[in-house]
2 protein chains.
Amino acid sequence: MDAAIATVNDVGYHRASLAQIAARAGIAKSIISYHFEGKEQLLLYVIDEVFTGVEKVTRAAVAAADDPAARLAAFARGYLTFVRDHREEMIAAVEIAVSHRDVDGMPLYLAESDEENALLEGMVADGIAAGQFRQVDLTVARTTVIHALDGALTRSQIDARVDLDAYGDQLIPMLLAALGYRPDG
Amino acid sequence: MDAAIATVNDVGYHRASLAQIAARAGIAKSIISYHFEGKEQLLLYVIDEVFTGVEKVTRAAVAAADDPAARLAAFARGYLTFVRDHREEMIAAVEIAVSHRDVDGMPLYLAESDEENALLEGMVADGIAAGQFRQVDLTVARTTVIHALDGALTRSQIDARVDLDAYGDQLIPMLLAALGYRPDG
DNA sequence: CCGAAATTAGGCCAATCGGTCAAAAAGGTC
DNA sequence: GACCTTTTTGACCGATTGGCCTAATTTCGG
């Protein structure tokens, strides 16, 4: 699996062949077929592991905060922390999610996570109800937050030296401001 | 080229073979090799055309606005208008940019456009100097704006019925607020 | 109307793909 | 050490890839 992640990050999804992955791992490629149902399952398993991890971290961070704005900030911070600590895995997972197509040609990244959407929209809706946020469109707000965080990952991908903590220090106030944040309105 | 765009959007970049594209266009695949240097050049040409188009539209919109905040808003509006009017092309171009790798395995979308970066950072910097924006990090601001706009494209990709004008009505104030916008401060 | 040039068609190629298979190797248990 | 299961191997498969080549066709200036 480490070899799969490294290979995907090195040559991209569609050139990450069983032969390449096996060569990098120093094994015969039939081993992959033996332990996994196939190349697809292997890469989907990578996605599953990584996204489960980021979900766990963000959910825990959100749960520890006590008002909507703090929860949103915690979500963003948790996400960025996870990217900082699991950079390669995240890059590979996103690459797979973006490149993988099911039999109908449907990309995986368009199949949004209902749980994540609900979590984010819930925070925004709660913030609006509590008077912390402006009356923003929930879908636009959620999409923008996620894509803004994805921007941090892309930055980190372009330049591995990027300080994601400092990035968060800049981004999180921007996100709160975007939602019209006023403390305890 | 229309067939290439349609094929990429239908089955994705790495399954958009010469055979598929030719079949969709109703021609022999050798025609593609005759008129283009190869499959790569064809798809890169698609990217070039589309991104040149969006750059033209956004630059014109920006030039017509007269203060930094208005320019940023015009940039976003121009981008969203282009997406609205050239949805398929934009989706295909982004798919290609994300999926294409050069010989070193370097993804195309990581090779940022210096002109676009300079344009965006210039607007933000001018806005800060004019007192319209808060003292935000230029790189974070630029990255966030672009990714927020990309979020609109993704939304449109998930649901073609999304009203991108209305999306802009929601998103643009959010972006300005994220930058700490105060009119003519 | 013709001949050269441009274009199209379709067969063909080596390379690579994901995956299978029989057999060898390794591991574990009496 | 014998025996059985699990794991690993490398050869091999049909399918598909991007691209090449030759021949047929179309286009078009003179």
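An account of the accompanying structure is given in this report. (Residues numbered from 1 in each chain as written. Chains lettered and ligands numbered in written order. Predicted model: local features only at pLDDT ≥ 70, side-chain atom pairs only at ≥ 80, totals over all residues. Heavy atoms only, no water.)

## Regarding the pattern of salt bridges
Scanning all chains against the criterion turns up 24 salt bridges over all chains. Between Arg77(A) and Asp169(A) there is a salt bridge, with the nearest N and O atoms lying 2.6 Å from each other. Of this pair, Arg77(A) sits in helix 5 (residues 68-85) while Asp169(A) is found in helix 9 (residues 164-178), placing the two residues 92 residues apart along the sequence. Residue Arg77(A) is classed as partly exposed on the basis of its relative accessible area of 29%. In this structure, a network of salt bridges that share partners links the residues Glu112(A), Glu121(A), Arg142(A) and Arg155(B). (Salt bridge = Lys/Arg side-chain N within 4 Å of Asp/Glu carboxyl O. Helix = DSSP H or I, 4+ residues; strand = E, 2+ residues; numbered from the N terminus. Buried < 20%, exposed > 50% of the residue type's maximum accessible area, 1.4 Å probe, protein only.)

## Focus on the interface of chain B and chain A
In this complex, chain B contributes 43 residues to the contact, which on the side of chain A involves 44 residues. In total, about 3600 Å² of surface goes out of reach between chain B and chain A, with carbon and sulfur atoms giving 59% of it. When the area that chain B buries against chain A is broken down by residue, the three leading residues are Arg101(B), His147(B) and Met174(B), summing to 18%. At the junction of chain B with chain A, the criterion picks out 12 residue pairs in polar contact (both at pLDDT 80 or more). At the level of elements, helix 1 (2-11), helix 6 (87-99), helix 8 (138-158) and helix 9 (164-178) of chain B are the ones that each hand at least two residues to the side of chain B that touches chain A. Looking at which element gives the most residues to the side of chain B that touches chain A, the answer is helix 8 of chain B, with 13 residues. Its residues assigned to classes, the side of chain B that touches chain A shows 18 nonpolar, 13 polar and 12 charged. (Contact = heavy atoms within 4.5 Å. Buried area = accessible area lost by both parts, 1.4 Å probe. Polar contact = N/O pair within 3.5 Å; in protein donor to acceptor, adjacent residues only side chain to side chain. Nonpolar A, V, L, I, M, F, W, Y, C, P; charged D, E, K, R; others polar.)

Honestly, that's just the spatial picture; any functional story needs more than this.
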